[in-house]
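Structural description and commentary
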Amino acid sequence: MKPGLQKFLDVVRLRSLRARIFIILILVGILPNILMEMVIVKTYEIKAVEQRSETVQNQLKILANHLIANEFLENYNPNSPYKLESHEIIEAELDMLSNLYEGRVMIIGKSHRVLLDTYNISEGRTMISEEVVKCFRGENISNYDAEHGYIEMTTPIVNTTDDGDGTVQGVMLTSISDSTISSTMKSLNRNAIAVEIITIVLVVTFSFIVSGMLTRPFERITKAIAELKAGYSNEPISVKSYTETVHISDAFNQLQSRMKTLDDSRKEFVSNVSHELKTPLTSMKVLADSLIAQPDAPAELYREFMGDIASEIDRENSIITDLLALTKMDLNTQEVNISSVNIGDLAEIILKRLRPIARKKDIELTLEEQREVVADVDEVKMSLIMTNLVENAIKYNKEHGTVKVSLDSDIQYFTFIVEDTGCGIPEESLPLIYERFYRVDKSHSREIGGTGLGLAITRSAVLLHRGSISVTSEEGAGSTFTVKIPLTYVGN
Ligand code: ADP
């Protein structure tokens, strides 16, 4: 998929951090604004309706008192050609009121009969609407019908003077237009929409810029990593904008330095292997060339050089065997054949095998078993560990020296200790002796047939058993290697 399309899909699915920040900023910036405007407009509407109803209601109450005082309900006859002057005044007042508020007023008598209607439509009819019935019971009603644009209200006509009994004698049913409220509302809404559009444009622009700024450090990290992809640069990446980017940079730099260490050690290993394998070949080439250069060389010289060539081949062979053993050990997938092994018996067999070499240098080889040790180990690898350590203790020992092997165990581990009276290892070399091809004295080691791989193999085999290996040594006095391995195999 093209990167541009992928980026677009990420934005649509809100997987991009920038898109999320953008949306959050828009929501936070716009929603409260819209809500506030809605609340303000609605509050205005409620308040305006309340105020208008109250004003009209007050005037209606005054009118109601006039009606009582002039016994309008009892004596008024809309069809009579002779009306009382006071009733005509009331009619005029009602007309004025309904003109002023663009509305309609109906006066309903006790028997629910409409006595007067400023629209002159319902006079003489009976009006039994819910509002009127409720008002006769003493409940004042005020309804706002925003859809049709009017406010409807009822006003009881009650005799509140001293000689009145407080009962509702009639009802005024009034409906007035909300034209002023609705025109104010319209202009308020228009202004609110204009403010909203400006806010939306401002907030969207602001969110776009800010979300870009906030995510830019992450883009810088990605770019820096992409630039390093081509090869391992020594330049660590550094984006210090946020704590998070500092953490990402640090983690990446650590990973990069680990990869570099691995790469360096791989290069070093390959160069060491090539060098070690080349040395016997060079010797062989020199020996063969010198024989070719002397066509009439005596048979003894041929035999001697051929013997040398054979030993160089042996050496090449042993390096390759050791390398193969090490490579096998490195592969985590390799099989480990765990079985219950009597470690004491195994040590005895190995010592017996190595005794002839020790005898050549008159070295005393002893085995000391504190207790019988039986452990779950890979027998082949365990004998590799023991052979390498005891062989080294003999190889790097002096004439008439001693090699003491001791075996002990506690509840969890058994320890295998090899102590010699040899040349010892210099302190600065101690951390390096497990490295592949490392030898304290290269020429001496080669002389006695060392490949520099023995301790590397030993350590790998110990680690495979989840054990540990340590060494103490004093130059000229001897070395002690201690191997500690769990009695029960733990596995991966
Ligand atoms: P090598 O095949 O050369 O013996 P090893 O990996 O077994 O390789 O040992 C690495 C180096 O550690 C040896 O070359 C030697 O210098 C040193 N070394 C190992 N064991 C002993 C020991 N018991 N006494 C002194 N030096 C030792």
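Residues numbered from 1 in each chain as written. Predicted model: local features only at pLDDT ≥ 70, side-chain atom pairs only at ≥ 80, totals over all residues. Heavy atoms only, no water.

Turning to unusual backbone geometry, a few remarks are in order. Although it is not a glycine, D362 adopts a positive phi angle of roughly 55 degrees. At H400, a residue that is not glycine, the phi angle is positive and equals roughly 65 degrees. Locating H400 in the fold gives a position in the loop between α10 (379-395) and β9 (402-409). Assessed through its relative accessible area of 57%, H400 is described here as exposed. (Helix = DSSP H or I, 4+ residues; strand = E, 2+ residues; numbered from the N terminus. Buried < 20%, exposed > 50% of the residue type's maximum accessible area, 1.4 Å probe, protein only.)

On to the pattern of salt bridges, then. Going through the model one piece at a time under the given rule, you end up with 13 salt bridges. One salt bridge connects K47 with E50, and the closest N-O pair in it is separated by 3.6 Å. Linking K47 with E50, this pair stays in helix α2 (residues 17-69), spanning three residues, or about one helical turn. One salt bridge connects K134 with E130, and the closest N-O pair in it is separated by 3.1 Å. On the criterion of helical spacing, the pair formed by K134 and E130 is a turn pair, its members being four residues apart in helix α5 (residues 130-136). K134 sits in the partly exposed class, given a relative accessible area of 25%. With relative accessibility at 52%, the residue E130 sits in the exposed group. Because the salt bridges share partners, they merge into one network encompassing D263, R266 and K267. (Salt bridge = Lys/Arg side-chain N within 4 Å of Asp/Glu carboxyl O.)

Quick look at the pairing of strand β4 (residues 150-158) now. In the case of a regular strand, side chains alternate between the two sheet surfaces. Across the nine residues that make up β4, a large majority, seven, are buried. Where strand β3 (residues 142-145) lies against β4, four bridges are found, and the strand directions are antiparallel. By the bridge assignment, D145 is partnered in β4 with Y150. (Pairing = 2+ DSSP bridges.)

Let us look at the sheet that holds strand β11 (residues 468-474). Pairing is mixed in the open sheet, where five strands are placed in the order β7-β9-β10-β12-β11. Across the chains shown, the open sheet's two edge strands, defined by having one partner strand only, are β7 (364-369) and β11. If you compare each strand with its neighbour and ignore which way they point, the axes differ by 10 degrees on average. In this sheet, strand β12 (residues 478-486) lies alongside strand β10 (residues 413-420) in antiparallel orientation, the contact comprising seven bridges. Bridge pairing in β12 places F414 opposite I485. Sheet contacts for α10: β7, β9, β10, β11 and β12; angle to β10, the most-contacted strand, approximately 20 degrees. Packed onto the sheet, helix α12 (residues 454-464) meets β11 and β12 and runs at close to 140 degrees relative to β11. (Axes fitted to C-alpha atoms, helices over the stretch in contact; angles between N-to-C directions. Contact = heavy atoms within 4.5 Å.)

So, on to the packing of α2 against helix α4 (residues 85-100). In the contact formed by α2 and α4, the axes pass within 11 Å of each other and the chain directions differ by 165 degrees. Of the possible angle classes, the one that applies to α2 and α4 is roughly antiparallel. Viewed along their axes, α2 and α4 form a crossing whose handedness is left-handed. Every residue of α4 that contacts α2 at Q59, L60, L63, H66 and L67 is listed here: I90, E93, L94 and L97. Class assignment for the residues of the contact of α2 with α4 results in six nonpolar, two polar and one charged. (Parallel < 35°, antiparallel > 145°, perpendicular 65-115°, else oblique. Left-handed = near helix turned anticlockwise from the far one by under 90°. Nonpolar A, V, L, I, M, F, W, Y, C, P; charged D, E, K, R; others polar.)

Another point: the sheet that holds strand β5 (residues 168-177). Strands belonging to one sheet form pairs held by backbone hydrogen bonds; the direction of such a pair is parallel or antiparallel. The five strands lie next to each other as β2-β1-β5-β4-β3, forming an open sheet whose pairing is antiparallel. The outermost strands of the open sheet, each flanked by one partner alone, are β2 (114-117) and β3. With direction set aside, neighbouring strand axes in the sheet form an average angle of 15 degrees. Its contacts with the sheet put α4 on β1 (104-108) and β2, and the angle it makes with β1 is roughly 140 degrees.

Before going further, it helps to examine a negative patch on the surface. There is a patch of like negative charges on the surface, built from D345, E348, E369 and E372. Within the secondary structure, E348 is located in helix α9 (residues 343-360). (Patch = residues over 30% accessible without salt bridge, like charges linked within 9 Å, V, L, I, M, F, W, Y side chains within 5 Å. Areas by Shrake-Rupley, 256 points an atom, 1.4 Å probe, with all protein chains shown as cover. Lys, Arg positive; Asp, Glu negative; His and termini not counted. Charge placed at Lys NZ, Arg CZ, Asp CG, Glu CD.)

Under the domain assignment used here, the chain contains domain 1 (1-235), domain 2 (243-327) and domain 3 (335-486). Taken together, the twelve residues of domain 2 in the interface contact twelve residues of domain 3. Looking only at domain 2, the three residues that lose the most surface to domain 3 are E276, R315 and L326, adding up to 49% of its buried area. E276 is the partner of R439 in a salt bridge, and the nearest nitrogen-oxygen pair spans 2.5 Å. Across the domain 2-domain 3 interface, the total number found is two residue pairs in polar contact (both at pLDDT 80 or more). Breaking the side of domain 2 that touches domain 3 down by element, the ones donating at least two residues are α7 (243-293) and α8 (299-330). Per-element accounting of the side of domain 2 that touches domain 3 gives the leading share, seven residues, to α8. (Domains from an automatic or database assignment. Buried area = accessible area lost by both parts, 1.4 Å probe. Polar contact = N/O pair within 3.5 Å; in protein donor to acceptor, adjacent residues only side chain to side chain.)

We now examine α2. Here α2 is 53 residues long and its end C-alpha atoms lie 78 Å apart, about the 78 Å a rise of 1.5 Å per residue gives. Capping of α2 at its N-terminal end is provided by S16; its side-chain oxygen lies 3.3 Å from the backbone amide nitrogen of R18. At the exit of α2 stands E71, carrying a positive phi of roughly 45 degrees. (Expected span 1.5 Å × (residues − 1).)

Attention now goes to the site of the ligand. Looking at the ligand, there are 21 residues lining it, with N392, Y396, S445, T451 and L455 nearest. Note that an oxygen atom of the ligand is positioned 2.8 Å from one of the side-chain N or O atoms of N392. Y396 is positioned such that a nitrogen or oxygen atom in its side chain is 2.7 Å from an oxygen atom of the ligand. Isolated, the ligand exposes 530 Å² of accessible area, and the fraction of that covered by the protein chains is 97%. The set of elements that each furnish at least two residues to the shell around the ligand consists of α10, α12 and β12. It is α10 that provides the largest number of residues to the shell around the ligand, a total of three residues. Looking at the shell around the ligand residue by residue, the class counts come to ten nonpolar, eight polar and three charged. (Near = heavy atom within 4 Å.)

Look at α7 against α8: their axes get within 9 Å of each other, and the N-to-C directions meet at 165 degrees. The orientation of α7 with respect to α8, classified from their angle, is roughly antiparallel. As for the relative orientation of α7 and α8, their crossing is left-handed in sense. Contacts between α7 and α8 pair F269, V273, E276, L277, P280, L281, S283, M284, L287, A288, S290 and L291 from the former with L301, Y302, F305, D308, I309, E312, I313, R315, E316, I319, I320 and L323 from the latter. Across the contact of α7 with α8, the residue classes tally to 17 nonpolar, two polar and five charged.

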